[in-house]
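Breakdown of the fold
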Amino acid sequence: MKNIILKSIYSGILLSFISCSAQTDVIQKIKKDGSKPFSYAELSVKEGGKWEGNQYVGGNFKNVTELQIPAEHTDHSYYIRYEGIGLENNQVGYRLYLDWRNATDIFGKKVNTLVLPEVGQDGFESYHHDAPWGQDILKSGRTIGVGSYGRYDEQNDFVETFKTVKSTFVKVANDKTSSYAAIDYTGWKTWGDAVDLKSKLTIFNKDRFVKVDLSLNNAISGLCTGIVAIKDIPFKQVISKNKRWAYIATYGQQTLAKKEDNLGMAVFYPIESFDKYVQTKSTHVVVFKKNKNVSYYFLGAWSQEPNGIKTETEFYQDLDKKLETLDQNNQL
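An account of the accompanying structure is given in this report. (Residues numbered from 1 in each chain as written. Predicted model: local features only at pLDDT ≥ 70, side-chain atom pairs only at ≥ 80, totals over all residues. Heavy atoms only, no water.)

The 5 strands are arranged S1-S7-S8-S9-S10 in an open sheet whose pairing can be described as antiparallel. Because the sheet does not close on itself, it has two edges, and the strands there are strand S1 (39–42) and strand S10 (134–136). Within this sheet the neighbouring strands show an average axis-to-axis angle of 15°, counted without direction. Inspection of the sheet shows S1 paired to strand S7 (residues 84–89) by 4 bridges, in the antiparallel sense. In the sheet register, Glu42 faces S7, and the bridge partner there is Gly86. (Pairing = 2+ DSSP bridges. Helix = DSSP H or I, 4+ residues; strand = E, 2+ residues; numbered from the N terminus. Axes fitted to C-alpha atoms, helices over the stretch in contact; angles between N-to-C directions.)

Turning to its location among the elements, Gly48 is positioned in the loop between strand S2 (44–47) and strand S3 (50–52). The exposure class of Gly48 is exposed, given its relative accessible area of 77%. Between the C-alpha atoms of Gly48 and Tyr180, which are 132 residues apart in sequence, the distance is 27 Å. The residues contacting Gly48, other than those within four sequence positions of it, are Tyr56 and Gly59. (Buried < 20%, exposed > 50% of the residue type's maximum accessible area, 1.4 Å probe, protein only. Contact = heavy atoms within 4.5 Å.)

Once that is clear, we can look at the sheet that holds strand S20 (residues 263–270). One open sheet holds the 9 strands; their spatial order is S6-S13-S14-S15-S16-S23-S20-S19-S18, and the pairing between them is antiparallel. The sheet is open, and its two borders are formed by strand S6 (66–68) and strand S18 (235–239), each paired with just one other strand. When strand polarity is set aside, the average angle formed by the axes of neighbouring strands in this sheet is 15°. Pairing of strand S15 (residues 193–204) with strand S16 (residues 210–220) involves 7 bridges; the strand directions are antiparallel. Opposite Ile203, over in S16, you have Val210 as the bridge partner. Against the sheet, helix H2 (residues 312–329) makes contact with S18, strand S19 (245–252), S20 and strand S23 (291–302), and its axis sits at roughly 165° relative to S19, the strand it touches most.

In this model, H2 (18 residues) spans 26 Å end to end at C-alpha, consistent with the 26 Å of a helix rising 1.5 Å per residue. Inspection of H2 places Phe315, Tyr316, Asp318, Leu319, Lys322, Leu323, Leu326 and Asp327 among the buried residues, and these make up the whole buried set. Of the surrounding elements, those touching the buried residues of H2 are S18, S19, S20 and S23. Positioned one or two residues after H2, Asn330 has a phi angle of 65°, which is positive. (Expected span 1.5 Å × (residues − 1).)

Given below as structure tokens:
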């Protein structure tokens, strides 16, 4: 028995070392290549501290490649660096909260080099403020942010997130031309129904978009995505020529940065999976048909991005080109 326990401990230590070493190698390679096109997925948690209720006290952040979310974890637990998984390439960064909110946020970048490994290392709230690399630019509030997923409650005109989940397991991986986060939600319960949901969010070493693949063990109605609705920001919905794909989008002064700052956000979705569009008080919602599987794309384009999209006209020209590509090839 003693040998079995020792072997188990050794295996755990070895796995942790391999995980950390692999992630360190990825970071070093990207930094060595400078501004060369890259993609990057990150998950960083504290070790060496302890749980006190729903907060993790003490410890230091360490990058890992997989994690079973502790039962104690919720928003502002100070356990996961910047509270979720990170996805980044030369142009943009995103984070998905790994708690009941399950919102996707945007990290606007002023540089085309890797920034996520340093984000949130100098204080829990530091990335909300302007820095040489950029900042957190989207106030998602109690919405799903941009491109995340939930379930639309038609009776209450509200998008339900992940307040009741039996367990959540996440892993991240970095390949040559893409990086992804895969999340398994077991026992996601919304007004009586409990389902298992698998999601995969993939960012590529080009452009700003993320591909989202959702898979359920049982089909449910109301599965949805969308964009946070900011007051007085115009909304647009466009269907492709062959009616295979469509997008919803917004553009305007809707960031946490300076007042004259502009941000464009969009979600591309396949018409065959589309049920209806709904605007709640806080969210532009794309509701999918009752099904077990759906895939779609989302993106954000910030006006302070180097050599990026600076005007509303440029933003919609870019979206229309992507929509045409999806109409012809069914993928970006």
